[in-house]
Amino acid sequence: MTRWTRGLLGAWTGLVLVFLYLPLAVLIAYSFNRSRLNILWEGFTLEWYAAVWRDAALVRSLENSLIVALMTTLASVALGTAGAWLLHRHRFRGARLLQTLLLAPMVVPEVILGISLLLLFVALRFELGFATVVISHVTFCVPFVMVAVQARLADLDPALEEAALDLGATPARAFARVVVPQLAPALVAGALMAFTLSLDELIVTWFTASASSRTLPLEIFGRVRKGLDPTLNAISTVFVVASIALVAVSELARRSRPGRRGAVVVLLAALLTASGCTRSNAPQELNLFAWSEYVPQRVLDAFTDETGIKVNYESYASNEEMLAKLVSGATQYDLVQPSDYAAEALIAEGRLQPLDWSKIPNFENIAPEYRNRPFDPEQKYTVPWMAGTVGIVINSERVPEDVDSYAEVFQDKHKGRIVVVDDPREMVSWALATQGIPINDINPTTLAKVKPVLARWLPLVKVFDSDSPKTALLNGDVDLGIVWSGEAALLYNEHPKFRYVLPEEGAHEFVDTLAIPANARNPDAAHAFLNYVLRPEVSREISLDFPYTNPNLAARKLLTPEELANPASYPPGNPKLDGFRDIGEQAVAVDRLVTDLKAAGS
């Protein structure tokens, strides 16, 4: 090889390594950045690593991940080793087919695996929790253990086992004293591989976990949807380092000589034992299924400190997602947070239980206009959480002209500058409003009328985001949009250049609620939580983080004049507002219409 060839090969190798590891290097670097913004370097700090351990939800999800990974590893090693031994020692018809079937989960797409497992658990009436997560992880970890063990078995000298048998050892003793020690490197390598895979798994876990078994990847994914947080950089760095360490130990085990195996096994045992020693038991638990990033963690922590009831917070991004998971019956929640029309659907199907108002005396703080709404006319099932509107936000420095209607938002000159909430029902309601059709008048005829309107609008949109539409506006990626009022209020607090306008055609007003499912396991804890969050000082804390319209009059008295003057939180005048009602099976048609149009325009 010439010097020129070696140089070229070295440069190519360097480029490949940069391509593979530069993103991780950037992540690790910004985990030490003092700035909360990932785009600005303001100096070195370890603050975010300390913040991780003060974040109860992150720590709890890390505990869950370690427990799941430990149980998955033990089960996968046992099943994978047994399968590999069976195929190695016995020749029978169909052995190749059996091996192919056992290894197939390695190549099955995770989303398909997750859906199929969820359907199975629902059919068998298995409640989602730690057991279902472990079972699902074992499904795809066993093949990796099998591969490692089979490779080792192929190199074993069968004469050693035969000699042990000839000297009087029973088959079981020969296996334990002769074969297993020879397999130790493969067992350790397979165990570490299973542990790492389980620790990092996200998609399959999303389908099979409950609020109480929420793992760290799920927690991180839920937070990323609301924007990047420096603490996520720190915990992600810890994950990266841990994963690399486990892979390195796995490789060391695979190559180790007999004299080093003991040390590797001890190291593995220490890792696995440490992972299982952090779990703490709470006397009571409350499983809360709520909108993502809509319940301040400090409110949950304060409730736990006062009552001793641990709150497991699982999030969703749309009412439809919540309804699908709740109706499946795969898991039980003690509290859910449906919007008005979703609550109406749940009440109609008998999936909510009547509230015991004697346990919620703080309900008296709720303003009269938020009681006995059409979705719960007798006020039997729901407690208002926050109310709000969906309106237009304009960055007035980039869009100096007035934009007061949906039609003025969706103009060709604004193509690639618009963000909207990723909610089919909302989009259809905007198009209905421009046609002078009531937003709840949804049927095949009205959907046919709005279809060409949406077909023209949707290609103009740059970002569809229900979790954090304000982020694209703050970053300057877009200049205007249609967003939740709470998001608009946060933008207004950041800079008054962001104006909030309720469309002249009329706007959607929503009321998000809390309700107890009919099959709730801990309704007493749920009632205690409802009464707790209706305290004025607690409700004010919620308003600080999520400045929607607070229906709690006693809490509003604690807000500052500036907070009450925020035009997105408390719109002035008498705007034309209307609420959503349950539209039954037409919801499927709405979703299909918007999904097809978005796909056609992409």
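Residues numbered from 1 in each chain as written. Predicted model: local features only at pLDDT ≥ 70, side-chain atom pairs only at ≥ 80, totals over all residues. Heavy atoms only, no water.

Brief notes about the packing of aromatic side chains
Next, step 1: Taken as a whole and assessed by the stated rule, the structure comprises 21 aromatic pairs.
Next, step 2: Ring pairing ties together the aromatic residues Phe-289, Trp-291, Tyr-294, Tyr-316, Tyr-333, Trp-385, Trp-484, Phe-510, Phe-546 and Tyr-548, which thus form one cluster.
Next, step 3: Over the face of the ring belonging to Tyr-341 we find Arg-425, whose NZ or CZ atom lies 5.1 Å from the ring centre. (Phe/Tyr/Trp six-rings, centres within 6.5 Å; stacked < 30°, edge-to-face > 60°. Lys NZ or Arg CZ within 6 Å of the ring centre and 35° of its normal.)

Examining the confidence of the model for the protein
Next, step 1: The predicted model of the protein has a mean per-residue pLDDT of 87, with 93% of residues at 70 or higher.
Next, step 2: With pLDDT under 50 throughout, residues 272-282 is counted as low confidence; its partners more than four residues away or in other chains account for 18 contacts. (pLDDT = per-residue confidence, 0-100. Contact = heavy atoms within 4.5 Å.)

Considerations on the environment of Ala-518
Next, step 1: For Ala-518, the position within the fold is in the loop between strand 9 (507-515) and helix 21 (523-533).
Next, step 2: Remark: the alpha-carbon pair of Ala-518 and Val-383, spanning 135 residues in sequence, is separated by 15 Å. (Helix = DSSP H or I, 4+ residues; strand = E, 2+ residues; numbered from the N terminus.)

Description of helix 21
One turn of an α-helix holds 3.6 residues; hence residues three or four places apart share an orientation.
Next, step 1: In terms of residue burial, helix 21 counts as a mostly covered element, since eight of its 11 residues are buried.
Next, step 2: Within helix 21 the residues assigned to the buried category are Ala-525, Ala-526, His-527, Phe-529, Leu-530, Asn-531, Tyr-532 and Val-533. (Buried < 20%, exposed > 50% of the residue type's maximum accessible area, 1.4 Å probe, protein only.)

Some remarks on the nonpolar core
Next, step 1: By size, the foremost hydrophobic cluster in this structure holds 90 residues, and its most contacted members are Phe-410, Trp-430 and Leu-454.
Next, step 2: If you tally residues by element for this core, the top one is strand 4 (residues 382-395), at seven residues.
Next, step 3: With 21 residues, the next largest nonpolar core counts Leu-117, Phe-121, Ala-186 and Val-204 among its residues. (Core = buried A, V, L, I, M, F, W, Y, C linked by side-chain atoms within 4.5 Å.)

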